[in-house]
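Residues per chain, in single letters:
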Amino acid sequence: MNGIDVREAITQAHRAEWARVVAALTRRFGDLDIAEEATAEAFATAVERWPADGVPPNPGAWLTTTASRKAIDRIRRENKRDDKHREAQMVYDDDPPEPVGAIDDDRLRLIFTCCHPALAMEARVALTLRMVAGLTMPEIARAFLVAESAMGQRITRAKAKIKAARIPYRMPSAEDLPARVSGVLAVLYLVFNEGYLTTGPGADPVRQELTAEAIRLTRLIRVLLPGDGEVAGLLALMLLTEARRPARVSAGGELVALAEQDRGAWDAALIAEGHRLVRERLAAAAAGVAPGRYQILAAINAVHTSARDMRDTDWSQVLALYDQLVRIDPSPVVALNRAIAVAELDGPEVALAAVERLEPRLAGYHAYHATRADLLRRLGRGREARAAYDTAIGLAGNTAEIASLTRRRDQLP
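These numbers come from a predicted model, not from an experiment.

Some remarks on the overall build of the protein
So, step 1. In terms of helices and strands, the protein carries 20 helices and zero strands.
So, step 2. Burial status across the protein gives 50% buried among its 413 residues.
So, step 3. Considering only residue pairs separated by 6 or more positions, the protein has 64% of its internal contacts joining residues 24 or more positions apart.
So, step 4. Of the roughly 19,500 Å² of accessible surface on the protein, 51% is carried by carbon and sulfur atoms.

Considerations on the pattern of salt bridges
So, step 1. Enumeration according to the criterion identifies 22 salt bridges in this entry.
So, step 2. In this structure, Glu273 and Arg219 form a salt bridge, with 2.7 Å as the shortest nitrogen-oxygen distance. Of this pair, Glu273 sits in helix α12 (residues 268-286) while Arg219 sits in helix α10 (residues 208-224), and the two are 54 residues apart along the sequence.
So, step 3. The class for Arg219 is partly exposed, based on a relative accessible area of 32%.
So, step 4. In this structure, Asp410 engages Arg409 in a salt bridge whose closest nitrogen and oxygen atoms are separated by 3.1 Å.
So, step 5. Its relative accessible area of 47% is what places Asp410 among the partly exposed residues.

Remarks on helix α11 (residues 229-242)
Side chains three or four residues apart in an α-helix point the same way, a direct result of the helix having 3.6 residues per turn.
So, step 1. Its 14 residues give α11 an end-to-end C-alpha distance of 20 Å, which sits within 8% of 20 Å, the value for a rise of 1.5 Å per residue.
So, step 2. Buried residues dominate α11, accounting for 14 of its 14 residues.
So, step 3. For α11, the N-terminal capping position is held by Asp228, with its side-chain oxygen 3.0 Å away from the main-chain nitrogen of Glu230.

Digging into α10
So, step 1. Spanning 17 residues, α10 covers 24 Å between terminal C-alpha atoms, matching the ideal 24 Å at 1.5 Å per step.
So, step 2. Those residues of α10 that sit buried are Leu210, Thr211, Glu213, Ala214, Ile215, Leu217, Thr218, Leu220, Ile221, Arg222 and Leu224.
So, step 3. Buried-residue contacts for α10 involve α5 (106-114), α9 (177-196), α11 and α12.

Here's the deal with the nonpolar core
So, step 1. Residues Leu110, Leu127 and Ile221 are the most contacted members of the largest nonpolar core, which totals 122 residues.
So, step 2. Looking at this core, the element that brings in the most residues is α9, giving eleven residues.
So, step 3. Residues in contact with Leu110, not counting those within four places in the same chain, are Val22, Ala23, Thr26, Leu32, Met131, Val132 and Tyr169.

Section: the confidence of the model for the protein
The predicted structure's coordinates, where accompanied by low pLDDT, should not be read in detail.
So, step 1. The predicted model of the protein has a mean per-residue pLDDT of 84, with 88% of residues at 70 or higher.
So, step 2. A low-confidence stretch, residues 84-103 stays under pLDDT 50, and its non-local contacts, those more than four residues away or across chains, total 24 contacts.

As for the side chain of Thr241
So, step 1. Looking at the secondary structure, you find Thr241 in helix α11.
So, step 2. Polar side-chain contacts of Thr241 include one of 2.7 Å to the backbone oxygen of Leu237.
So, step 3. In this view, Thr241 contacts Phe192, Tyr196 and Asn301; residues no more than four positions away in its chain are not counted.

Topic: the packing of aromatic side chains
So, step 1. In this structure the tally under the stated criterion is three aromatic pairs.
So, step 2. For the pair Trp50 and Trp62, a centre-to-centre distance of 5.4 Å together with 70 degrees between the ring planes defines the contact as edge-to-face. Of this pair, Trp50 sits in helix α2 (residues 32-53) while Trp62 is found in helix α3 (residues 59-77), placing the two residues twelve residues apart along the sequence. We note that Trp50, like Trp62, is buried.

Considering the packing of helix α6 (residues 121-131) against α9
So, step 1. In contact at an axis separation of 9 Å, α6 and α9 are set at 45 degrees when each is read in the N-to-C sense. As the angle between them shows, α6 and α9 are arranged oblique. For α6 against α9, the interelement crossing comes out right-handed. Across the interface between the two elements, Met121, Arg124, Val125, Thr128 and Leu129 from α6 touch Ser182, Gly183, Ala186, Val187, Leu190 and Val191 from α9.
So, step 2. Its residues assigned to classes, the contact of α6 with α9 shows seven nonpolar, three polar and one charged.

Here we look at the side chain of Arg372
So, step 1. Residue position: Arg372 is located in helix α18 (residues 366-378).
So, step 2. The contact partners of Arg372, leaving out residues within four places of it in the chain, are Leu352, Val355, Glu356, Glu384 and Ala388.

A word on the environment of Leu319
So, step 1. Here Leu319 lies in helix α14 (residues 315-328).
So, step 2. Classification of Leu319 by relative accessible area gives buried; the value is 13%.
So, step 3. What Leu319 contacts, discounting residues up to four positions off in sequence, is Arg338, Ala341, Val342 and Leu345.

Analysis parameters
Residues numbered from 1 in each chain as written. Predicted model: local features only at pLDDT ≥ 70, side-chain atom pairs only at ≥ 80, totals over all residues. Heavy atoms only, no water. Helix = DSSP H or I, 4+ residues; strand = E, 2+ residues; numbered from the N terminus. Buried < 20%, exposed > 50% of the residue type's maximum accessible area, 1.4 Å probe, protein only. Contact = heavy atoms within 4.5 Å. Areas by Shrake-Rupley, 256 points an atom, 1.4 Å probe, with all protein chains shown as cover. Salt bridge = Lys/Arg side-chain N within 4 Å of Asp/Glu carboxyl O. Expected span 1.5 Å × (residues − 1). Polar contact = N/O pair within 3.5 Å; in protein donor to acceptor, adjacent residues only side chain to side chain. Core = buried A, V, L, I, M, F, W, Y, C linked by side-chain atoms within 4.5 Å. pLDDT = per-residue confidence, 0-100. Phe/Tyr/Trp six-rings, centres within 6.5 Å; stacked < 30°, edge-to-face > 60°. Axes fitted to C-alpha atoms, helices over the stretch in contact; angles between N-to-C directions. Parallel < 35°, antiparallel > 145°, perpendicular 65-115°, else oblique. Left-handed = near helix turned anticlockwise from the far one by under 90°. Nonpolar A, V, L, I, M, F, W, Y, C, P; charged D, E, K, R; others polar.

Structural data, given as structure tokens:
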């Protein structure tokens, strides 16, 4: 096997196995730092050895075994385990894990550990993106629109707090689940978004393994909390978004805008399931149960996926849903997306005024500049549009999105 093939095998193993190895080591050793460091060392060893020795028949088992040995070596070096009998137990790990809840899934337990209410919400999300999804520090920093150094400090403090507070690695009890689920849903949504539009330069523009894992874990949460509207809403949102993935990137590697996508390539089964969930939540809303953020976002996506053509989109309904969303989530990103619907109903000039009011809070966000560039292009202000496209291209990290922005800029008269 040549070096390129081996590097690709390691990359694929990382995507498939990072969360599983970290979760397994956390269960075994009870320490996030040890689990993460040992997993990283195992992958580094793979980079050194696999090109010469070949990829093992079971890369995941190899990585788990190697990471476990690295963890034991570190514990011994730091004299954290003086009891030799306990060391032997860690080496052989013959005892089956204790029952921890209705669903026995290491990664799900790891998410709830990282999303403990003792941590600030942003720390919970960032830590889980690192521990469970295996995202790099630059990827997580871009997801939060903060500096990489600040994100590194946030994650370090979160791990230290888990250790100092002796937060257990287990599923919460049934009575604690509803209070704990909001942080988990925020994590899963960011994991999904990172997969659907990768932020890291040089990575695949769409990472299906991340979207699939986010959907899988959300389905598990739904089994735990079948009556929770926001869990159902997030699952519907993911399914309706994932359904469009086959038409998301062109054969030439360019991001395809919603208006230009081949709707015949969308996954009809995922759309049907997503629509069914949205209808269930609409029935609950009619009965007086106020919808949450994910339910409204799912409803917006249901409107888009119900239209046979972009021209058939019910933009009045989309805008009404965004108005509802702004009341419970008045973030600048929501306001930016609302402005896109405004452009379809009231014209690009009205929408541009709304977008430019967001500049102080979104100056470092590439989508702000891309949206502004598109509106300026529609208004015939080519020079300003070109400058806005240039800024968006400079801030974007996704190769497919950069290609799309570059084409639109170069098509300006």
